[in-house]
Amino acid sequence: MPVTLGASPDHGFDQPLGLLSDCHRRIERFLNALWRVTSDRHGGELQDEERHTLRRALEYFRNAAPRHTEDEEASLFPRLRAIDSPQVKALMRDVERLEADHRAAEAQHDRVHELVDGWLGRGQLGERHLQELVVLLAALRDMYREHIAQEDERVFPLAARLLSQSQLEQIGQEMAMRRGVETRRLDEESR
Ligand SMILES: [Fe+2]
Ligand SMILES: [Fe+2]
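Rules behind the numbers
- Residues numbered from 1 in each chain as written.
- Chains lettered and ligands numbered in written order.
- Predicted model: local features only at pLDDT ≥ 70, side-chain atom pairs only at ≥ 80, totals over all residues.
- Heavy atoms only, no water.
- Salt bridge = Lys/Arg side-chain N within 4 Å of Asp/Glu carboxyl O.
- Helix = DSSP H or I, 4+ residues; strand = E, 2+ residues; numbered from the N terminus.
- Buried < 20%, exposed > 50% of the residue type's maximum accessible area, 1.4 Å probe, protein only.
- Expected span 1.5 Å × (residues − 1).
- Core = buried A, V, L, I, M, F, W, Y, C linked by side-chain atoms within 4.5 Å.
- Contact = heavy atoms within 4.5 Å.
- Donors = N, O, S within 2.8 Å, 3.2 Å for Na, K, Ca; no water.
- Tetrahedral: all angles 85-135°; square planar, octahedral: opposite > 155°, others 65-115°.

Inspection of every chain in the model, using the stated rule, returns 18 salt bridges. Residue aspartate 71 pairs with arginine 179 through a salt bridge whose shortest N-O separation is 2.7 Å. You can see aspartate 71 sitting in helix α2 (residues 48-81) and its partner arginine 179 sitting in the loop between α5 (165-178) and α6 (184-190), a full 108 residues away along the chain. On the basis of relative accessibility, which here comes to 0%, the residue aspartate 71 falls in the buried class. The class of arginine 179 is buried, set by a relative accessible area of 16%. Where arginine 154 meets aspartate 94, a salt bridge forms, and the shortest distance between an N and an O atom there is 2.4 Å. Residue arginine 154 is located in helix α4 (residues 127-162), and its partner aspartate 94 is located in helix α3 (residues 86-122); the two are separated by 60 residues in the primary sequence.

Next up, the structure:
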């Protein structure tokens, strides 16, 4: 059954790779929202709707996005690493870069959070901080473009081919548990 983690219906936890791609669409959407308000307002006074948009985006990157990273680093990548195949060995070099991207993005998101939080709190963002925010958002946009394409187009399709149905079910269950969602139906099926 589809579940909703954001604004639109998603794949279910029984389709974990589809659900991971759904998370990518949300990363893109919330990053675009930060861009749009920043380029419309240039650090100036915000309208209520813009404040709401910024708060939602900060909340997403603070609370939900880290679970996506954990889905990949704790549930998906280790199961791929354990597969003895030349395709996976070649892919693992790229996976190391994906994990390095995650670390870099965490630090950049922390700073974006501080800057946007300051903007929301004071109602203005000074020129120096605005420039810093623009540079950070551009870096995140460029990084995610490559990173998400790599995962959606290479990592997830290979995982779909190489992981067993029961491994995919375990990944889905772990993703559900990270979000405090019960998957009784999956529990019963996989027992
Ligand atoms: Fe990733
Ligand atoms: Fe991802």
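This next bit is on helix α1 (residues 16-41). Its 26 residues place the ends of α1 38 Å apart at the C-alpha level, agreeing with the 38 Å of an ideal helix rising 1.5 Å per residue. Two residues or fewer past α1, histidine 42 is found with a positive phi of approximately 50 degrees.

On to unusual backbone geometry, then. The phi dihedral of histidine 42 is positive, around 50 degrees, even though this residue is not glycine. With respect to the helices, strands and loops of the structure, histidine 42 is situated in the loop between α1 and α2.

The next point concerns the nonpolar core. Judged by nonpolar contacts, the single largest core of 30 residues is most densely connected at Leu34, Leu54, Phe61, Val112, Leu133 and Tyr144. The element best represented in this core is α4, accounting for nine residues. Once you skip the residues sitting within four places of it in the chain, phenylalanine 61 turns out to touch Ile27, Phe30, Leu31, Leu34, Pro66, His109 and Tyr144. In terms of nonpolar packing, the next biggest core, distinct from the first, is built from 22 residues, Phe13, Leu91, Ala159 and Leu168 among them.

Quick look at the coordination of the iron ion (ligand 1) now. Coordination of the iron ion (ligand 1) by the protein is provided by Glu72 (OE), His102 (NE2), His147 (NE2) and Glu151 (OE), with metal-donor distances spanning 2.0 to 2.2 Å. Coordination at the iron ion (ligand 1) comes from four donor atoms whose angles at the metal span 82 to 172 degrees, giving a geometry best classed as irregular. In terms of primary sequence, the donors binding the iron ion (ligand 1) are separated according to E-x29-H-x44-H-x3-E. In this structure the iron ion (ligand 2) is found 3.1 Å away from the iron ion (ligand 1), and glutamate 72 serves as a bridging donor for the pair. In this pair, histidine 102 sits in helix α3 while glutamate 151 sits in helix α4, placing the two residues 49 residues apart along the sequence. The residues histidine 102 and glutamate 151 share a single accessibility class, namely buried.

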